[in-house]
Amino acid sequence: MLDRAPLQAAQREAFRADVLEGLSKPAKTLPSRWLYDDRGSELFEEITQLPEYYPTRTETAILRAEAEAIAAFCGPRATLIEYGAGAGVKTEIVLAALDNPASYVPVDIAGDFLALSAERLEQRFPWLEIRPVVADFTDDFDLPSDLPRLNRRIGFFPGSTIGNLSPAQAVAFLAQVGAHVGDAGRAVVGVDLVKPLDRLVPAYDDAAGVTAAFNLNLLVRINRELDGTFDPARFAHEARWNAEEQAIEMHIRSLAPQVVAVAGREIAFAEGETIHTESSRKYGVDAFVALAAEAGWRAGEVWRDADGLFAVVGLKR
Ligand code: AVI
């Protein structure tokens with residue numbers, strides 16, 4: 001059994017440093033990756049089932065409808081590298097459609113989750129070589145050196161998680177995918193498209209309050225892991241469109257002037273002041289392809305739903 005304690009200690013220290021730095025800035029901000037502790041991941045799963053949150057079901061429907069075309073784009077005997085462990089149905093749709101895939105390499109920072117999902121996939125695809133890699137896919141990391149080189153490698157990045165990266169981070173990430181898959185490799189990326197705000201904003205501010213709970217859970221996490229004294233009832237969830245950035249932003253708004261302790265430091269909030277906790281960038285297909293081109297990619301194929309909500313983009317080198 002792998003000893004995860006050093007990784008967990010490093011994570012805890014990185015969380016502390018990010019929180020203290022982010023809450024000391026004039027415009028308070030926290031990296032969105034910290035939204036996903038166990039409870040946050042559970043709440044995100046609930047979000048994906050909400051009537052207002054269209055991306056998951058739309059992308060899944062595209063993958064299902066276009067599975068054959070996607071498999072043809074990937075080619076036979078492919079090695080599928082998924083950035084962010086495939087918990088479920090999207091991975092299964094693609095793996096089931098691929099022509100005799102050689103291996104599946106899920107990459108995720110959450111080692112326990114990775115092991116569980118690998119086990120589940122082993123049962124469904126007993127003939128498939130599965131090679132989980134524990135890594136933060138937004139950092140530099142190497143793939144296992146004995147991964148077969150002759151098979152075409154495909155970088156798979158569904159979920160529109162690319163939208164949670166800044167454009168600079170997205171270019172760096174796509175360049176790393178390019179380095180992983182090589183010149184003959186390809187990528188299949190889920191991209192949430194720009195659309196009217198009456199569709200977009202409710203997806204991030206649902207009637208049942210699940211997204212609010214997901215966002216405010218970050219305060220609960222800070223309280224638990226960093227000796228914080230946040231009273232979540234004195235803060236509110238906010239989703240707003242940033243037209244310049246073409247992004248839905250999640251913020252946590254302070255409902256009153258208040259001082260909160262975090263890891264032994266005092267943090268003051270004015271009434272109405274916010275912590276920016278996530279940006280979810282939306283792209284037009286051309287804008288996304290232009291971004292990917294900065295990382296050495298060109299458009300191969302684009303698969304969309306009939307309403308033009310979401311695109312699955314196949315990229316070539
Ligand atoms: C994970 N990611 C693609 C989600 C999104 O839509 O940006 C995270 C999310 N945040 C609020 N709702 C969903």
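To be clear, the structure that these remarks concern was listed above.
These numbers were taken from a predicted model, which means no experiment stands behind them.

(A) Seen up close, the environment of Val262. Its place among the elements puts Val262 in strand S9 (residues 258-262). Classification of Val262 as buried rests on a relative accessible area of 0%. It is 7.7 Å that separates the C-alpha atoms of Val262 and Leu20, two residues lying 242 residues apart in sequence. Ignoring sequence-local partners within four residues, the contact set of Val262 consists of Val19, Leu20, Leu23, Ile222, Leu226, Asp227, Gly228, Phe230 and Ile267.

(B) View of the site of the ligand. Close to the ligand lie 14 residues, the nearest being Tyr53, Asn164, Tyr204, Glu278 and Ser280. Residue Tyr53 places a side-chain N or O atom 2.5 Å away from an oxygen atom belonging to the ligand. Contacts to the ligand include Tyr204, whose side-chain N or O atom sits 2.5 Å from an oxygen atom. Contact with the protein chains covers 97% of the free accessible surface of the ligand, which is 340 Å².

(C) Main features of the sheet that holds strand S7 (residues 235-242). Strand order across the open sheet formed by three strands is S7-S8-S11, with antiparallel pairing between neighbours. Strands with a single pairing partner mark the edges of an open sheet, and in this sheet they are S7 and strand S11 (274-281). Looking at each pair of strands side by side, their axes are set apart by 20 degrees on average, direction ignored. Bridge count between strand S8 (residues 247-254) and S11: seven bridges; the pairing is antiparallel. Bridge pairing in S11 links His251 to His276.

About the thresholds
- Residues numbered from 1 in each chain as written.
- Predicted model: local features only at pLDDT ≥ 70, side-chain atom pairs only at ≥ 80, totals over all residues.
- Heavy atoms only, no water.
- Helix = DSSP H or I, 4+ residues; strand = E, 2+ residues; numbered from the N terminus.
- Buried < 20%, exposed > 50% of the residue type's maximum accessible area, 1.4 Å probe, protein only.
- Contact = heavy atoms within 4.5 Å.
- Near = heavy atom within 4 Å.
- Polar contact = N/O pair within 3.5 Å; in protein donor to acceptor, adjacent residues only side chain to side chain.
- Areas by Shrake-Rupley, 256 points an atom, 1.4 Å probe, with all protein chains shown as cover.
- Pairing = 2+ DSSP bridges.
- Axes fitted to C-alpha atoms, helices over the stretch in contact; angles between N-to-C directions.

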